[in-house]
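Residue strings, one per chain:
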Amino acid sequence: MNKTILAIGAHIGDMELTAGALLASCAVSGGHAVTLALTASEKGAPAGADVAAYRQEKIAQAEAFMRDLGGEAIVLDHPDGLLPNNDAVRFEVCDIIRRVKPDIIVTHHACSMHKDHMACHAIVTDAWFYAAIAGFERELPPHFARTLYYAENWEDAQNFKPYVYMDVSQGFVLWEKAINHHAFTVHGSFPYKEYYSHLKRLRGIEGRRQYCECFMIPPEQVKLVKTLEDM
């Protein structure tokens, strides 16, 4: 699978949990994986902790996760909880898409309990379009990522309907190791690693595989085209 995957989340940790085994499977198959966090999720700092120092810890964790996968972690400088939903951010993401040249982009589903997640969905969906159109003149030439996936996230559960079951069995062990770099997934008040480990196994059972991650696709692409010869 000589592919490049760019996973774009509102916060550090979002894509590592929801699409991390896909990124790991890509890595072990000879592909290239990149994460892009639009904020560093610094507002989640423990009580009494220095927020600026915690932000640097989160960035270091994102980089350590991707170092295990042989990939790249990018973190933008937008405030957690106040992610601007505007064209300036869209073109910022557009430029990264044009630089990374992904075959697959993964981001948040449209509905969420988090405003940053919903803003990220809108930003990425438009940036995906901007990046592909030559008429939007930027420093780098246009790039069209053929596949756009929306990841399964317990915080984005409303109206999420699994469409693609991606077999991530070959990357699961690497993901299980790498996710430990994100301290909140193993030491926080919610057992994130345990939840997503079991979810990947559950989706694997449903998909008749060992481990799967589920994704939605843009509604206009939900089509099953057949001919009589296929029947």
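One can find the structure itself at the top, above this paragraph.
A separate point is the pattern of salt bridges. Applying the stated criterion across every chain, the model contains ten salt bridges. Residue arginine 90 pairs with aspartate 126 through a salt bridge whose shortest N-O separation is 2.8 Å. Taken together, the positions of arginine 90 in helix α4 (residues 87-100) and aspartate 126 in helix α5 (residues 115-132) put the pair 36 residues apart, joining distant regions of the chain. You can call arginine 90 buried: its relative accessible area is 8%. A relative accessible area of 29% places aspartate 126 in the partly exposed class. A single network of salt bridges, built from pairs that share partners, joins Asp87, Arg90 and Asp126.

Spatial ordering of the open sheet is given by β3-β2-β1-β4-β5-β7-β6, a layout of seven strands whose pairing is mixed. Looking at the sheet topology across the chains shown, the edges are occupied by β3 (72-78) and β6 (164-167). Put simply, the sheet's adjacent strands are angled 30° from each other on average, direction ignored. With five bridges joining them, strand β4 (residues 104-108) and strand β5 (residues 147-151) adopt parallel strand pairing. Residue pairing in the sheet places valine 106 in a bridge with tyrosine 149 of β5. Sitting on the sheet, α5 is in contact with β1 (4-9), β2 (32-39), β4 and β5, with an inclination near 155° to β4.

Thresholds, definitions, all that
Residue numbering note: each chain is counted from 1, following its sequence as written. Residue-level local features of this predicted model are given only where pLDDT is at least 70; pairs of side-chain atoms are given and counted only at 80 or more, and the full residue set underlies all totals for whole chains, interfaces and linings. Side-chain metrics rest on all non-hydrogen atoms present in the structure, leaving aside hydrogens and water. The rule for a salt bridge is simple: a side-chain nitrogen of Lys or Arg has to be within 4 Å of a carboxyl oxygen of Asp or Glu. Secondary structure counts use DSSP, requiring at least four H or I residues in a row for a helix and at least two E residues in a row for a strand, with both numbered from the N terminus. Summary of the burial criterion: residues with accessible area below 20% of their type's maximum are buried, those above 50% are exposed, and those between are partly exposed, where the area comes from a 1.4 Å probe applied to protein chains only. Two strands are counted as paired when DSSP detects at least two bridges linking them. Fitting a line to C-alpha atoms yields each axis, with helices limited to the stretch in contact; the angle taken between N-to-C directions then spans 0 to 180 degrees. Here a residue-residue contact requires only that any non-hydrogen atoms of the pair lie within 4.5 Å.

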